[in-house]
Each structure stands twice: as structure tokens, then as C-alpha cells.
Amino acid sequence: DNEMQAAAEIAKTAGKPVVLGDQQVEVLMKDIGKLGKTALDDFLSPFDGGWQRTGSALQQGLVSLINLRTKRRQDAGLQDQEDFIGVPDFLDPGLLLGTPLAVLRYLLSTALKAPTLAAGLAAFLLLTAILPENIFTDILFLLIEVLLVRVILGAVLRD
């Protein structure tokens, strides 16, 4: 079993509704590439409405993220707060102890299935380690993080 199957089995045993979703890494990487190019093009064209499009995309993504839980609750016909994951669930000892192993598995899986993504992440981490800490690098990394958040929100919330 993988983590999704194990979680689904536990949820079903507890009588909780379960919805699992997955997609091929190749499809996700293609979408991330397109979103990344659009985000970078918009960032490089501040006087052509690019920054406004970036702000709108971030706002739309965050609003979608906030509304997602409410929509899922309504779709499932649930009103009880205990029917969804909360802060205490993230403090579960099994989850806390299993997280490092799960992260390691995902990193290794990504390195094997999507070496370009793994190389990009490694380059970013190396860049953060070797560049001196000053206001210019802070601004650079802030801009990179804004672009990444835009891409992630777009890729994760598109369906």
C-alpha cells in the first residue's frame, strides 16, 4: 500500500467519506512548465500588465484555496467540523514520525521520475546556500517565491 491507500482504508474504517485523486507526473510537469513560463513572462513585463496578471492569479488561487474546503463540505453534505482534518490531526504521533520517511520517498521518487524538477530544486537550494544574505538576495528570493506560489496554486487548483 502507499500513503493514499492506507489513509483511505483508515478513513473508511472510521466511516468517513474518501476521495482520492492522482495524475501522471509527466502531465503535471507539462502543466507546471506552461504555468512557469506564463508566470515568468508576466514578471518580466510589469508595464504590459504582467504584474497585474500575477496579482490577479495569486488572488484567484488563494480565494480558490480558501473556498475549496467549504465546497468540498457542501458537496459531501457534511456540516460537522469533526468530519474534516483539523490541527490536532497534524499532531498525531504516527503522522509526525512517518513524515520524514514519506518526504524522503517523495524526493527520491521525484528524482527518478522527474529529474529536471529535482535538478531545478537542487540548483535553487544551492543558490540559496552560496549567495550572500543581503537585501538584494532577499528581494530575489521573494520574487522567486511569488512565482513559485503562482505556479503551485495554478497547478494544484486547476481542476
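Everything that follows concerns the structure shown earlier in this document.
Keep in mind that what you see is a predicted model, and the values were worked out from it rather than measured.

**Student:** How would you sum up the overall build of the chain? Please name residues and give values.
**Tutor:** When you go through the chain residue by residue, the secondary structure sums to seven helices and zero strands. Scored against the burial criterion, the 159 residues of the chain give a buried share of 14%. The contacts in the chain between residues at least 6 apart in sequence include a share of 54% that link residues at least 24 apart. For the chain, the accessible area works out to roughly 12300 Å², and carbon and sulfur atoms hold 67% of it.

**Student:** Lay out the packing of helix H5 (residues 93-113) against helix H6 (residues 115-130) with the relevant residues and their values.
**Tutor:** Two numbers describe how H5 lies on H6: the axes approach to 5 Å, and their chain directions differ by 120°. When the axis of H5 is compared with that of H6, the two are oblique. When H5 is examined against H6, the residues Leu107, Thr110, Ala111, Leu112 and Lys113 are found in contact with a partner set consisting of Pro115, Leu117, Ala118 and Leu121. When its residues are assigned to classes, the contact of H5 with H6 shows seven nonpolar, one polar and one charged.

**Student:** So what about a nonpolar patch on the surface? Which residues, and what values?
**Tutor:** On the surface, a cluster of nonpolar side chains totalling about 420 Å² of accessible area is made up of Leu126, Leu127, Ile130, Leu131 and Leu140. Tallying contributions element by element places H6 first for the nonpolar patch, with three residues. For Leu127, the location among the structural elements is in helix H6.

**Student:** How would you summarise the side chain of Thr54 if you had to cite specific residues and measurements?
**Tutor:** Its location among the elements puts Thr54 in helix H3 (residues 50-76). Ignoring sequence-local partners within four residues, the contact set of Thr54 consists of Asp42, Phe43, Val146 and Arg150.

**Student:** So what's going on with H5? Residues and values would help.
**Tutor:** Taking 1.5 Å of rise per residue, the 21 residues of H5 would be expected to cover 30 Å, and the 30 Å separating its terminal C-alpha atoms lies within 8% of that figure. The largest bend in H5 amounts to roughly 40° and is located at Thr99, with the proline Pro100 lying one to four residues further along. The N-capping residue of H5, defined by a side-chain oxygen 3.1 Å from the backbone nitrogen of Gly94, is Asp92.

The rules behind each value
Residues numbered from 1 in each chain as written. Predicted model: local features only at pLDDT ≥ 70, side-chain atom pairs only at ≥ 80, totals over all residues. Heavy atoms only, no water. Helix = DSSP H or I, 4+ residues; strand = E, 2+ residues; numbered from the N terminus. Buried < 20%, exposed > 50% of the residue type's maximum accessible area, 1.4 Å probe, protein only. Contact = heavy atoms within 4.5 Å. Areas by Shrake-Rupley, 256 points an atom, 1.4 Å probe, with all protein chains shown as cover. Axes fitted to C-alpha atoms, helices over the stretch in contact; angles between N-to-C directions. Parallel < 35°, antiparallel > 145°, perpendicular 65-115°, else oblique. Nonpolar A, V, L, I, M, F, W, Y, C, P; charged D, E, K, R; others polar. Patch = residues over 30% accessible without salt bridge, like charges linked within 9 Å, V, L, I, M, F, W, Y side chains within 5 Å. Salt bridge = Lys/Arg side-chain N within 4 Å of Asp/Glu carboxyl O. Expected span 1.5 Å × (residues − 1). Bend = angle between axes of the 7 residues up to and from the residue. Polar contact = N/O pair within 3.5 Å; in protein donor to acceptor, adjacent residues only side chain to side chain.

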